[in-house]
Amino acid sequence: MGESSRPTGVLLVNLGSPASPATRDVRRYLRQFLSDPRVLDLRAPLRWLLLRSVILPFRAPRSAALYRKIWTPEGSPLRVHGHALADALGRRLGDGYRVELGLLCGDPSVETALDSLLAADVERLRVVPLFPQEASSSSGSALERVYAAAARRWNVPPLEVVGPFFAHPGFVASVAEVARPQLASLEPDHVLFSYHGLPERHVRRADPSAAHCLASADCCAEIGAVNRHCYRAQCHATTRAVARTLGLAADVYSNAFQSRFGRARWIEPYTDAVLPQLAARGVRRLAVLCPAFVADCLETLEEIGIRAREQWAELGGEAFELVPCVNAHPTWVDALADLVAG
């Protein structure tokens, strides 16, 4: 193979999931995930104590029971969708590219995926953290892991990173295209955009001015120099772009944040607190989008698709629709191909 015909490597990075819904595998997954100081940003001794004395003994069995509710015959939904996306992207890009999926927790690992790409003698490497909005605990962890893995290899090709794509036209169009038939069928009274939560201290640390983020009610109304790394602002930007594409009126959609744990303050409003407010306003038919995730996973399928649905029914709601993530939808595959090639 000539120098000019060497392929471009594409490394798709996502969080990952347990090897199985068995408690031992979930415990192993949580230990790896929460040992990351970007995720659980405590001093090492305190993080170790919290993991060993509270999280792993008590949360692992509860999380395992939740994973069992969404597990498929093919395995973890996140992993299944991730492989489907990598395969579809490889076909879309063609022979000049080699695509691998690497997970921060579980298999295939980032290191395994990187070694596969290096074995293919790629000419350059495009790294795509599969997190639409930027956060140190997600995209930051992904890049730190990739850089560390690359640093331990002897021959490493030029490495380029695809940045956050929270308002990329292709991503926005794919979210809207997946949602459009669901909304047409349900005819919802309200559309809720539910994003993964983040501790407020993480948002403040991303603000170089230390004076803008979370300092006012409209701090996320637009993105500028001081909040360009702000996860919350990027979530709001995604919502505005998707709502505009879907033609949603300003009074029929809103934002919320899910998946919080611990006693620290997380960014608000909380999804489980917003649902009673919507019901009290007379909303009866609710659709929920989760565009912080590109693949359906525990947080979408169980937390929203099961628990939030049950909460909505208890509140007197008549209909509830969880709109799927973009997963390996053809429009998303095309958009991702543009991101990689660009």
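What comes next is a walk through the structure.

### Considering the sheet that holds strand E7 (residues 285-289)
Reading across the sheet, the four strands line up as E6-E5-E7-E8 and stay open at both edges, with parallel pairing between neighbours. Taken across any chain shown, the strands that pair with only one partner, and hence form the sheet edges, are strand E6 (253-258) and strand E8 (319-322). Within this sheet the neighbouring strands show an average axis-to-axis angle of 25°, counted without direction. Where strand E5 (residues 190-196) and E7 come together, four bridges link them in parallel fashion. Each bridged residue has a counterpart across the sheet, and for Leu192 the counterpart in E7 is Val288. Of the strands in this sheet, E5, E7 and E8 touch helix H6 (residues 169-186), which is tilted by about 170° from E7. Sitting on the sheet, helix H10 (residues 298-314) is in contact with E5, E6, E7 and E8, with an inclination near 175° to E8.

### With respect to the packing of aromatic side chains
Going through the model one piece at a time under the given rule, you end up with nine aromatic pairs. Ring geometry for Tyr195 against Phe257: centres 6.1 Å apart, planes inclined by 35°, an arrangement best described as tilted. Linking Tyr195 in strand E5 with Phe257 in strand E6, this pair joins segments that are 62 residues apart in sequence. Across the pair, Phe257 and Tyr195 agree in class, each one buried. Here the aromatic cluster, defined as three or more aromatic residues joined through ring pairs, consists of Tyr29, Phe33, Tyr67 and Trp71. When the ring centre of Phe261 is taken as reference, the NZ or CZ atom of Arg59 above it lies at 4.5 Å. We note Arg260 situated over the ring of Tyr270; from NZ or CZ to the ring centre the distance is 3.8 Å.

### Regarding unusual backbone geometry
Residue Asp107 is joined to Pro108 through a cis peptide bond whose omega torsion reads -5°. Along the polypeptide, Pro108 turns up in the loop between strand E2 (97-105) and helix H4 (110-119). Between Glu268 and Pro269 the backbone carries a cis peptide bond, its omega angle lying at 5°. Relative to the elements of secondary structure, Pro269 occurs in the loop between E6 and helix H9 (271-280). For Leu214, which is not glycine, the phi torsion reads 65° and is therefore positive. Mapped onto the elements, Leu214 comes out in the loop between helix H7 (200-205) and helix H8 (231-246). Taking relative accessible area as the criterion, Leu214 reaches 23% and is therefore assigned partly exposed. Although it is not a glycine, Asn327 adopts a positive phi angle of roughly 45°. Within the secondary structure, Asn327 is located in the loop between E8 and helix H11 (330-341).

Each value, and the rule that gives it
- Residues numbered from 1 in each chain as written.
- Predicted model: local features only at pLDDT ≥ 70, side-chain atom pairs only at ≥ 80, totals over all residues.
- Heavy atoms only, no water.
- Pairing = 2+ DSSP bridges.
- Helix = DSSP H or I, 4+ residues; strand = E, 2+ residues; numbered from the N terminus.
- Axes fitted to C-alpha atoms, helices over the stretch in contact; angles between N-to-C directions.
- Contact = heavy atoms within 4.5 Å.
- Phe/Tyr/Trp six-rings, centres within 6.5 Å; stacked < 30°, edge-to-face > 60°.
- Buried < 20%, exposed > 50% of the residue type's maximum accessible area, 1.4 Å probe, protein only.
- Lys NZ or Arg CZ within 6 Å of the ring centre and 35° of its normal.

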